[in-house]
Every structure is written in C-alpha cells, then in structure tokens.
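Inside the fold
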Amino acid sequence: MKPLAAPLLLLLSFAATDAQQSKPPAQGAGDDDVVRVSTSLVTVPVSVSDRQGRFVPDLTRERFKLFEDGVEQEIAFFEPADKSFTVALLLDTSESTRFKLRDIQAAAIAFLDQLRPEDRVIVISFGKSASVLSEPTSDRAALRAAVLRARPGGSTSLYDAVELAARERLRRISGRKAVVLFTDGVDTSSGGATYESSLRDAEELDALAYVIRYDTYSDATQATAGASSLGGQRGVLVTAKGELLSDAYKRAGIYLGLLADKTGGRLFYADTPDNLSRTFARVAAELREQYSLGYYPKRTADSTGERHIRVRVDAKDLSVHARKSYAVR
C-alpha cells in the first residue's frame, strides 16, 4: 500500500462566547481552544501532562493561573475534563483519496467508537463540494452509516468545507466543540471561501482544530501529466486553479499548520493506515483530556486585535497546552 498522502484535520473549539452569553456557560459549554470575543466570557481549553506525556487528571480551579497580555485574570468558570463535546468530522473524499477511502472510513469509524456515548458528531465530506452527511448526533450506527456513504471523486473544496463547519454548524452550537479534518490540504475548487477567509472563520470559532495530513503528492505526480483532474500538461503539473502542483502542496502545508496553530489544536501526519488509526486514537484521547477555564477580561473590548493568553499550573514538571491568543473583532 502506498503511504497515505493527505492531511486529516481535526478542528476543536476554543471559544469566547458572544455578547449575549454574559454569564458562564451551562454544563458542557466551554472546552474550546480558539477564541472569538465581543465583550464577554472567554473560555480556554487546557491540557496538562507530566514528563512522560500522560494526562494529569483531578486538578482543581485553584491550581491554575491565567494571564491575558501579562495581566492575571480571575478564573470565573472552571470545568473538569470529563464533559461531553460536539465534533465536526471533515473527510476529504476528492479524487486524490480514491484509493485510500476505505482506510479513511475504517479509521474514522474507529475514531467514533473511541468517543464517549454522549459525545455528538457532525459528518461532512468534501470533494467538488462540501456535503453534510450527518447532523449532530450521538447515534453511533447513524454516524457509521454516514461515514460509509462518503464517495470519492472530483476536485477539492477544502476551504468551503471549513467554512461550512465553522459558520453554519459549530458556531450555533453551545458547549465544547471540535473540528476533525482529514485532508491533504490542496484546495482546487472552493467557490465561496478562500485561504484567508477560512482561516479567519476557524480563528474566530470557539473550537480547536486538529489536523491530520496525509500526503498525496507522489500519487499526483505519477498521474498522467495531461489528466483533466490536475489541469496539467506533460512535464508541467498544475492544479485546476493554474497553480504549480509543487507550490500547491507547499501552500497546503502552510495552511494546515496555521489552521491548527491559530485554533490551539495540533497538526499530525499520517503516512500509513496504521499510523492514521493511531492518530485518530490520539485525537480522541486529547478531546477527552481537557479542562476548561473561563474569565471575563479585565481589559474591555474597546479595540480590535489580538490578545495573548498564558496558563500556568502550580506544580513542577508539568506541561500545559492551551491556546496562546484570541482575536477581538
């Protein structure tokens, strides 16, 4: 089997709620890792591990300190790591994944099976266009059926899929949220969203982004130079947008890295089916192992721009992973 060559992206939420949410969220409403703020509560998902990389459970609110732009903030809301969440699972089913779709579906179903019974999932596939195969549900049978309905073919509308998940689905859902994106990152046919607008949507969403990238470059370069799916000429492979194939893959890598970084998530690489399954398992574990902190910024939202966040735990030899900033629009 050839190595998997396209990125898988899981996008999880790190959120600041909108102005109408002027009080701490209800149970389960705040494990997001990207922040969009108007004037109110900012929620920060936090993972704490020891030197061996093992999650540290049972920490209390008093063990945490949180700073915005160097100024310590009062932690107004705290949620332990055992709350449910909603995941948008985005599966790249474009032509480049045709020979890997069964592996992708098997790994995605294994991922669903590792979530808690109360966790909900939205399944979105994207090729030439983005399609919602399942609205939010915890029904595992329905979710497995949705994943298996995904069909390969066509170009890649990655940016449209990210926008669909962020703007039309997760933004209207309260509580802990995540996006899991599986793709190689090369967009060839988005009609509405762009590189920049989809990154902005993700950054403003109250969700983390977990990206798993698989590499399809070798498959693409072995294709016929004149293949219509690439829009190329012999010896010069270009995408349907007229971009050199090598440049398109470099751009894809930068995009996926930014998507993970801006949302406080992670970027993984999957080069084999086994590695893909292990990566899904790791993502599922990380979703289960996050605290959620919330605070009302001492600095009022009287100006737009980026604000920096730092979280500390009063214990030695522990590593804290949390989003580093959020945007005030």
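Residues numbered from 1 in each chain as written. Predicted model: local features only at pLDDT ≥ 70, side-chain atom pairs only at ≥ 80, totals over all residues. Heavy atoms only, no water.

**A closer look at the pattern of salt bridges**
All told, the structure shown has 14 salt bridges when counted by the stated rule. With a shortest N-O distance of 2.7 Å, aspartate 314 and arginine 63 are connected by a salt bridge. Note that aspartate 314 is positioned in the loop between β14 (305-313) and β15 (319-322) and arginine 63 in the loop between β3 (42-49) and β4 (64-68), a separation of 251 residues in sequence. The partner of arginine 266 in a salt bridge is glutamate 286, and the shortest N-O contact between them spans 2.8 Å. In this pair, arginine 266 sits in strand β12 (residues 266-269) while glutamate 286 sits in helix α7 (residues 273-288), placing the two residues 20 residues apart along the sequence. (Salt bridge = Lys/Arg side-chain N within 4 Å of Asp/Glu carboxyl O. Helix = DSSP H or I, 4+ residues; strand = E, 2+ residues; numbered from the N terminus.)

**Overview of the nonpolar core**
By size, the foremost hydrophobic cluster in this structure holds 32 residues, and its most contacted members are Val87, Leu89, Phe111, Val121, Val283 and Leu287. Counting only elements with at least two residues in this core, the list comes to β7 (85-92), α1 (101-113), β8 (120-126), α2 (140-149), β10 (176-183), β11 (207-213) and α7. Tallying contributions element by element places α1 first for this core, with six residues. (Core = buried A, V, L, I, M, F, W, Y, C linked by side-chain atoms within 4.5 Å. Buried < 20%, exposed > 50% of the residue type's maximum accessible area, 1.4 Å probe, protein only.)

**Points about the packing of helix α3 (residues 158-169) against helix α4 (residues 195-204)**
With their axes 9 Å apart at the nearest point, α3 and α4 run at an angle of 25° to one another. Taken as axis vectors, α3 and α4 run roughly parallel relative to one another. Every pair of crossing elements has a handedness; the one defined by α3 and α4 is left-handed. Along its contact with α3, which presents Tyr159, Val162, Glu163, Ala166 and Arg167, the element α4 presents Tyr195, Ser197, Ser198 and Asp201. Looking at the contact of α3 with α4, its residues break down into four nonpolar, two polar and three charged. (Axes fitted to C-alpha atoms, helices over the stretch in contact; angles between N-to-C directions. Parallel < 35°, antiparallel > 145°, perpendicular 65-115°, else oblique. Left-handed = near helix turned anticlockwise from the far one by under 90°. Contact = heavy atoms within 4.5 Å. Nonpolar A, V, L, I, M, F, W, Y, C, P; charged D, E, K, R; others polar.)

**Overview of helix α6 (residues 245-263)**
Taking 1.5 Å as the rise per residue, α6 with 19 residues should run 27 Å; its terminal C-alpha atoms sit 27 Å apart, in good agreement. Along α6, the residues classified as buried are Leu245, Ala248, Tyr249, Ala252, Tyr255, Leu256, Leu259, Ala260 and Thr263. Looking straight down α6, one finds that the buried residues subtend no more than 125° of arc, so they occupy a single side. Along α6, exposed side chains directed more than 90 degrees from the buried face belong to Lys250, Ile254 and Asp261. Following α6 by one or two positions, glycine 264 adopts a phi angle in the positive range, close to 80°. (Expected span 1.5 Å × (residues − 1). Arc of directions from axis to C-beta.)

**Remarks on the packing of aromatic side chains**
Here the structure, examined in full by the defined rule, presents ten aromatic pairs. Taken together, a centroid distance of 5.6 Å and an interplanar angle of 35° make the contact between phenylalanine 55 and tyrosine 291 tilted. One end of the pair, phenylalanine 55, is in the loop between β3 and β4; the other, tyrosine 291, is in strand β13 (residues 291-295), with 236 residues separating them in the sequence. Ring centres 5.9 Å apart and planes at 45° place the aromatic pair phenylalanine 64 and phenylalanine 78 in the tilted group. Remark: phenylalanine 78 occurs in strand β6 (residues 77-79) and phenylalanine 64 occurs in strand β4; sequence separation between them is 14 residues. Take phenylalanine 78: its relative accessible area is 18%, and that puts it in the buried class. Members of the aromatic cluster, joined through ring pairs, are Phe55, Phe64, Phe78 and Tyr291. Positioned over the ring face of phenylalanine 67 is arginine 310, at 4.7 Å from the centre of the ring. (Phe/Tyr/Trp six-rings, centres within 6.5 Å; stacked < 30°, edge-to-face > 60°. Lys NZ or Arg CZ within 6 Å of the ring centre and 35° of its normal.)

**Some words on the side chain of glutamate 163**
Residue placement: glutamate 163 occurs in helix α3. Sequence-distant contacts of glutamate 163, that is, excluding residues within four places in its chain, are made with Glu168, Ala193, Ser197 and Asp201.

**Structural notes on the sheet that holds β3**
Taken together, four strands build an open sheet; the order of strands is β6-β13-β3-β15 and the sheet is antiparallel. Because the sheet does not close on itself, it has two edges, and the strands there are β6 and β15. Neighbour to neighbour, the strand axes of the sheet diverge by 25° on average, direction disregarded. In this sheet, β15 lies alongside β3 in antiparallel orientation, the contact comprising four bridges. Its bridge partner being in β15, valine 48 is matched across the sheet by valine 320. (Pairing = 2+ DSSP bridges.)

**Details of the pairing of strand β16 (residues 325-328)**
Neither face of β16 is exposed, since Ser325 and Ala327 on one face and Tyr326 and Val328 on the opposite face are all buried. Here four bridges tie β14 to β16, and the two strands are oriented antiparallel to one another. By the bridge assignment for β16, arginine 307 is matched with tyrosine 326.

**Section: the packing of α1 against α2**
It is the contact of α1 with α2, at a shortest axis distance of 10 Å, that shows an interaxial angle of 165°. With respect to each other, α1 and α2 are oriented roughly antiparallel. With respect to the hand of their crossing, α1 and α2 are arranged in right-handed fashion. Note on element contacts: α2 touches α1 through Arg140, Leu143, Arg144, Val147 and Leu148, opposite Gln105, Ala108, Ile109, Leu112 and Asp113. When the residues that make up the contact of α1 with α2 are grouped by side-chain class, the tally is six nonpolar, one polar and three charged.

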